[in-house]
Amino acid sequence: SYGVGVKIDGDLATVGFDLPNGWGVHGAAQAQQLVQQIVYTATEETGIRRVLVVENGKTTATIDQLVVNRPLTRDDVSGYAAIAQTGTTEFEGSTKLPNVTGDVVSREIVDGTLVRYTFVGSDRAHNATKTDLPPFAISFQRNDGSVPHNTGDGAPPAYLLTIAFHVNATGEFGAVGHVERVDRSPLRLVTSSDAFVQLGLDDARPWRAYEPDPQHLIVEIGGDPRTVSDRIAVASPAPASAAQRSFTLSGLARTFEANVVWRVKDASGKIVANGHTTASIGTSVFWGTFSAPVTLPSSVSGNVTLEVYEVSPKDGTEQGVVSVPLVIR
């Protein structure tokens, strides 16, 4: 049995647990998941951004080996080593045709970690015919409450990511047309119009944009924290999945001269295979795609770690390392 008490002071909620028999969790992963659950649940309340977890009348909490001794935000417990920086990034388009904007083709929310939006260039003057995308901007900002983004029940989003198309309009464009409450972590609310889509998000998980071709734009937010850094995002293989000794490594990168380096380590940390590949574009506001075959020696089996990273052209240090655990069958 246990008791819970909550104190509110501004944007801080102190959640106190009375636990005579302890937390009942074992291992770092379970402890981190529990803290994340407490923080995300408490910050569902309007105005709460920080959570301090304490236990048994103390000013701290120790959950297995995890010590909580300061207020935590969703960014602190999301699991991402890098978070998105606020600001606006401008992207060039290849068409100046009037009344061309970007229409949403699809939206995916994967495993509570990844949101993926796909846009296509749309010529509104000619029955929404597919065409090259116009110039656009993507901005990321903390929701300061000035945006009319709260509708229905539930907590307001902590951050806003906006994809705004620069429409060379001959008519009226840009009025808010629809507000949708989603409430599927990390996506809370979506506001859309003819010229923009604004995503209300739980936290500042990193985002990336790429163009498979001039007509299509894909914007991804987050992903499994083990697969995402500030410059690498591994799409395949999936973490903790069973893999054959020969598999394809694929994903997105934003690295110097498009260079992507990979290696596989066995359970003892020994490198059993390594190589490099080239993304479709190098350092840019857009991310490039990459794909490379990986073949492991026949002696390798069991738990391994696939590491993907950039080697700094300045000093040779490893940058943006992602570590993907795999099981080789």
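The rules behind these values
- Residues numbered from 1 in each chain as written.
- Predicted model: local features only at pLDDT ≥ 70, side-chain atom pairs only at ≥ 80, totals over all residues.
- Heavy atoms only, no water.
- Helix = DSSP H or I, 4+ residues; strand = E, 2+ residues; numbered from the N terminus.
- Buried < 20%, exposed > 50% of the residue type's maximum accessible area, 1.4 Å probe, protein only.
- Areas by Shrake-Rupley, 256 points an atom, 1.4 Å probe, with all protein chains shown as cover.
- Lys, Arg positive; Asp, Glu negative; His and termini not counted.
- Charge placed at Lys NZ, Arg CZ, Asp CG, Glu CD.
- Phe/Tyr/Trp six-rings, centres within 6.5 Å; stacked < 30°, edge-to-face > 60°.
- Core = buried A, V, L, I, M, F, W, Y, C linked by side-chain atoms within 4.5 Å.
- Pairing = 2+ DSSP bridges.
- Axes fitted to C-alpha atoms, helices over the stretch in contact; angles between N-to-C directions.
- Salt bridge = Lys/Arg side-chain N within 4 Å of Asp/Glu carboxyl O.

Section: the overall build of the chain
If you tally the helices and strands in the chain, you get two helices and 24 strands. Over its C-alpha atoms, taken along the principal directions, the chain stretches across nearly 70 × 55 × 35 Å. Buried positions account for 47% of the 329 residues belonging to the chain. For the chain, the exposed area adds up to about 16,000 Å²; of that, 48% sits on carbon and sulfur atoms. One way to put it: in the chain the 26 positive side-chain charges average out to a point 5 Å from where the 35 negative ones average out.

Concerning the packing of aromatic side chains
A full pass over the atoms with the stated rule returns eight aromatic pairs. Consider the rings of Phe-91 and Phe-286, whose centres lie 4.9 Å apart with planes at 55 degrees: the pair is tilted. With Phe-91 in strand S6 (residues 87-91) and Phe-286 in the loop between strand S21 (271-278) and strand S22 (288-295), the pair connects residues that are 195 residues apart, well separated along the chain. Like Phe-91, the residue Phe-286 is buried in the burial classification. Three or more aromatic residues joined by ring pairs form one cluster here, namely Phe-91, Tyr-117, Phe-119, Phe-136, Phe-165 and Phe-286.

Some thoughts on the nonpolar core
The tendency in soluble globular proteins is for nonpolar side chains to be buried as a group. Formed by 30 residues in total, the largest nonpolar core has its most connected members in Leu-161 and Leu-217. Of all the elements in the fold, those that place two or more residues in this core are strand S8 (114-123), strand S10 (136-142), strand S11 (159-165), strand S13 (187-193), strand S14 (196-201), strand S15 (207-213) and strand S16 (216-222). Listed in part, the 25 residues of the second largest apolar core include Ala-258, Phe-290, Leu-306 and Val-322.

Concerning the sheet that holds strand S1 (residues 3-9)
In space, the three strands of this open sheet follow the order S1-S2-S3, with mixed pairing throughout. A single partner strand is all that each edge strand has here, and the edge strands are S1 and strand S3 (50-55). Going from strand to strand, the sheet's axes swing by 20 degrees on average, the running direction of each strand aside. Here S1 pairs with strand S2 (residues 12-18) via seven bridges, running antiparallel. By the bridge assignment for S2, Asp-9 is matched with Leu-12.

Remarks on the pairing of S10
Buried residues dominate S10, accounting for five of its seven residues. In terms of strand pairing, S6 meets S10 through five bridges, oriented antiparallel. Considered in S10, the bridge of Glu-90 is made with Ala-137. Direction of pairing for S10 relative to S11: antiparallel, over a ladder of seven bridges. Among the inter-strand pairings, Ala-137 is bridged to a residue of S11, identified as Ala-164.

Focus: the pattern of salt bridges
Enumeration according to the criterion identifies 20 salt bridges in this entry. Asp-183 serves as the salt-bridge partner of Arg-188, at 3.1 Å between the closest nitrogen and oxygen.

Quick notes on the sheet that holds S21
Pairing is mixed in the open sheet, where five strands are placed in the order S18-S24-S23-S20-S21. Looking at the sheet topology across the chains shown, the edges are occupied by strand S18 (241-243) and S21. In this sheet, adjacent strand axes meet at a mean angle of 35 degrees when their direction is disregarded. Alignment of strand S20 (residues 259-265) against S21, held across seven bridges, turns out to be antiparallel.

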